[in-house]
Amino acid sequence: MTILAIDTSNNPLGVALFDDNQVIGEYMTNLKKNHSVRIMPAVQTLMKDCERVPADLTKIVVAKGPGSYTGVRIGVTIAKTLAWTLNIPLVGISSLEILAAGAGRYFNGYVSPIVDARRGQVYTALYHYQDGALGTVEQDQLVMLADWAAKLTEMNKPILFVGNDLPLHSAKIKEVLRSQAIFASETEHNPRPAELAMLGRDKPGEDVHSFVPNYIRLAEAEAKWLEAKGKILNG
C-alpha cells in the first residue's frame, strides 16, 4: 500500500508518501505562496525522489478543511483528480485533526487546534488520545475564541493548544485558562502530511464525485451573493 497525502488547506503545504507502515518521503513548507503553482511540482519531486510512479499509488488522503477556502479547494481538486484518474480510493481528513494528531500523541489531556478565522473567530475542535487512538471530544466548529476559551474552563483537564495562528490568540487563552492552558512547541504547529497519511490509512474510500471540502462557513463573497439573491427573490 502506497498512500499519497496532500495538504494545502492553510499556509503550510505538505505532501507525504506512506508505504507499508513506513514514511518513505515527506515535503513541507510554511510559506505564504501560491499553492496552486507549487503543489504538483512538490508531488512530482517527492514521487521521483522516492522512486514511485503514479501506478504505485493505492490511496489518496487529503486535508479537507476547515481553513483557507482557496487552499482547501486546491488540495481537494487535485486529490479528486488523481483518485479518479488512477481509480483508487480517496479519503478526506479534518485539517484540525492533523494538527491534533501530531501534537497530542503523548499529552495527557485534551488537544485544541487553533486556526484563525478573523474577527475574533477561530476554527477549532477538541481531541484526546485514548489507548493509542485519537478521539473527538468536540467536532470541528467556527466559534468566537473568547467563548471557546470560556467553555474549556469547564473541562477538568489540561488543554494543549496547537497551530501557527496561536500567537494571535495566546494572550486571551492565557487570560481565561491560566495554568490549564499548555502551548505546543514551535516544531508542532505545522500539520505533518505523514500524520495525514496515517489518519487516512485505514479509513474506507469516499465517493470521488460527491466528495466536497468542509468549509464550515461560506466564503464572504458567497454569503453576500446569497444574501443579495434572497433579497431579490423576496422582493
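Trainee: Can you tell me about the pattern of salt bridges, naming the residues and giving the values?
Mentor: Overall, the coordinates contain six salt bridges when judged by the stated rule. Between Asp19 and Arg52 there is a salt bridge, with its nearest N and O atoms 3.1 Å apart. Of the two residues, Asp19 sits in strand E2 (residues 12-19) while Arg52 sits in the loop between helix H1 (35-49) and strand E4 (59-63), which places them 33 residues apart along the sequence. The buried category is assigned to Asp19, whose relative accessible area is 12%. Using a relative accessible area of 22% as the deciding quantity, one classes Arg52 as partly exposed.

Trainee: Please give an account of unusual backbone geometry that cites residues and values.
Mentor: Each neighbour pair has its own omega, and for Gly65 with Pro66 the value is 5°, a cis peptide bond. With respect to the element layout, Pro66 can be found in the loop between E4 and helix H2 (69-86). For Asn21, which is not a glycine, the phi torsion comes out positive at approximately 60°. Relative to the assigned elements, Asn21 resides in the loop between E2 and strand E3 (23-30). For Asn21, a relative accessible area of 62% puts it in the exposed group. Phi at Asp131 takes a positive value of approximately 55°, unusual for a residue other than glycine. Within the secondary structure, Asp131 is located in the loop between strand E7 (121-130) and strand E8 (133-144).

Trainee: Describe the sheet that holds E3, with residues and values.
Mentor: With respect to topology, five strands assemble into an open sheet ordered E3-E2-E1-E4-E5, the strand pairing being mixed. The open sheet terminates on both sides in strands that have one partner only, identified here as E3 and strand E5 (90-93). Along the sheet, successive strands turn relative to each other by an average axial angle of 15°, direction set aside. Sheet analysis places strand E1 (residues 2-7) next to E4, joined by four bridges and oriented parallel. Counted as the bridge partner of Ile6 is Val62 from E4. Here H1 sits on the sheet in contact with E1, E2 and E3, set at roughly 25° to E2.

Trainee: Go over the nonpolar core, please, and point to the residues and values.
Mentor: Within the largest apolar cluster, 30 residues are counted, with the highest numbers of intra-cluster contacts made by Ile93, Leu134 and Leu196. No other element matches the six residues that helix H3 (residues 95-103) contributes to this core. Once residues lying within four places of it in the same chain are set aside, the contact partners of Leu134 are Glu97, Ala100, Ala101, Tyr127, His128, Tyr129 and Leu199. Grouped together as the second largest cluster of nonpolar side chains are 25 residues, Ile39, Leu46, Val72 and Ala83 included.

Trainee: Please set out H3 residue by residue, giving values where relevant.
Mentor: Of all nine residues in H3, eight are buried, a share of seventy percent or more. Of the residues making up H3, those classed as buried are Ser95, Leu96, Glu97, Ile98, Leu99, Ala100, Ala101 and Ala103. At the N-terminal boundary of H3, the capping side chain belongs to Ser94, with an oxygen 3.1 Å from the backbone nitrogen of Leu96.

Trainee: How would you summarise the environment of Val162 if you had to cite specific residues and measurements?
Mentor: Along the chain, Val162 turns up in strand E9 (residues 159-162). By relative accessible area, Val162 is classed as buried at 0%. Spatially, the C-alpha atom of Val162 lies 5.3 Å from that of Ala184, the residues being 22 residues apart in sequence. Not counting chain neighbours up to four residues away, the residues in contact with Val162 comprise Leu99, Ala103, Val111, Ser112, Pro113, Ile114, Ala184, Glu188 and His189.

Trainee: Give me the packing of aromatic side chains: which residues, what numbers.
Mentor: One pass over the full model with this rule turns up two aromatic pairs. Consider the rings of Tyr69 and Tyr215, whose centres lie 5.5 Å apart with planes at 50°: the pair is tilted. One end of the pair, Tyr69, is in helix H2; the other, Tyr215, is in the loop between helix H6 (193-201) and helix H7 (220-233), with 146 residues separating them in the sequence. Classification of Tyr69 as buried rests on a relative accessible area of 16%.

Trainee: Quick one: what's the story with the sheet that holds strand E10 (residues 181-183), residue by residue and with numbers?
Mentor: Across the sheet, five strands lie side by side as E8-E7-E6-E9-E10; this open sheet has mixed pairing. What marks the edges here is a single partner per strand, and that holds for E8 and E10. Strand-to-strand, the axes of this sheet are offset by a mean angle of 25°, without reference to chain direction. One ladder, built from four bridges, connects strand E6 (residues 110-118) with E9; its direction is parallel. Its bridge partner lying in E9, Tyr110 is registered against Ile159. Each of E9 and E10 touches helix H5 (residues 170-177); the most contacted strand, E10, lies at about 150° to it.

Procedures and definitions
Residues numbered from 1 in each chain as written. Predicted model: local features only at pLDDT ≥ 70, side-chain atom pairs only at ≥ 80, totals over all residues. Heavy atoms only, no water. Salt bridge = Lys/Arg side-chain N within 4 Å of Asp/Glu carboxyl O. Helix = DSSP H or I, 4+ residues; strand = E, 2+ residues; numbered from the N terminus. Buried < 20%, exposed > 50% of the residue type's maximum accessible area, 1.4 Å probe, protein only. Pairing = 2+ DSSP bridges. Axes fitted to C-alpha atoms, helices over the stretch in contact; angles between N-to-C directions. Contact = heavy atoms within 4.5 Å. Core = buried A, V, L, I, M, F, W, Y, C linked by side-chain atoms within 4.5 Å. Polar contact = N/O pair within 3.5 Å; in protein donor to acceptor, adjacent residues only side chain to side chain. Phe/Tyr/Trp six-rings, centres within 6.5 Å; stacked < 30°, edge-to-face > 60°.

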